[in-house]
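Here are the chains, one letter per residue:
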Amino acid sequence: MESVGIRELKAKLSGYIERARNGERIVVTDHGEEVAMIVPLSKERRAITALVAAGRIRWTGGKPEGVAGIALKGKPLSETILEERR
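Quantities reported herein were computed from a predicted structural model and do not represent experimental measurements.

Caption draft 1: Quick look at the sheet that holds strand 1 (residues 2-5). The sheet built from three strands is open, its strands ordered 1-2-3 with mixed pairing. With partners counted over all chains shown, the strands left at the sheet margins are strand 1 and strand 3 (33-38), one partner each. In this sheet, adjacent strand axes meet at a mean angle of 35 degrees when their direction is disregarded. One ladder, built from four bridges, connects strand 1 with strand 2 (residues 26-30); its direction is parallel. When the sheet's bridge partners are listed, glutamate 2 is paired in strand 2 with isoleucine 26.

Caption draft 2: Broad picture of the pairing of strand 2. Counting buried residues along strand 2, four of its five residues qualify, which places the element largely inside the surrounding structure. One ladder, built from five bridges, connects strand 2 with strand 3; its direction is antiparallel. Across the sheet, threonine 29 pairs through a bridge with glutamate 34, a residue of strand 3. Where strand 2 folds back onto strand 3 in an antiparallel hairpin, the turn is made up of two residues, including histidine 31, whose phi is positive at roughly 55 degrees.

Caption draft 3: Layout of the nonpolar core. Grouped together as the largest cluster of nonpolar side chains are seven residues: Val4, Leu9, Tyr16, Ala20, Ile26, Val28 and Ile38. Counting only elements with at least two residues in this core, the list comes to helix 2 (13-21) and strand 2. Excluding residues that lie within four positions of it along the chain, tyrosine 16 makes contacts with Glu2, Val4, Glu8, Leu9 and Ile26.

Thresholds applied
Residues numbered from 1 in each chain as written. Predicted model: local features only at pLDDT ≥ 70, side-chain atom pairs only at ≥ 80, totals over all residues. Heavy atoms only, no water. Pairing = 2+ DSSP bridges. Helix = DSSP H or I, 4+ residues; strand = E, 2+ residues; numbered from the N terminus. Axes fitted to C-alpha atoms, helices over the stretch in contact; angles between N-to-C directions. Buried < 20%, exposed > 50% of the residue type's maximum accessible area, 1.4 Å probe, protein only. Core = buried A, V, L, I, M, F, W, Y, C linked by side-chain atoms within 4.5 Å. Contact = heavy atoms within 4.5 Å.

And the structure:
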């Protein structure tokens, strides 16, 4: 895992973002002290973003509590399960 100072990060931000996109984790330092980390998006976050973009779900961006934060379109899940059991 590489460390980068704030000054260098600001100067080469797009390069560090590209590295994070490719799976690297980068520790950000301020005067030698670790203060933050740049990490790639999780597979789960990418999946949710793809579902939102496809119009299959709505998400307000907040932390979901159960399924309260995510609204699905279509039949209720319970109905779908019952149909599959037949």
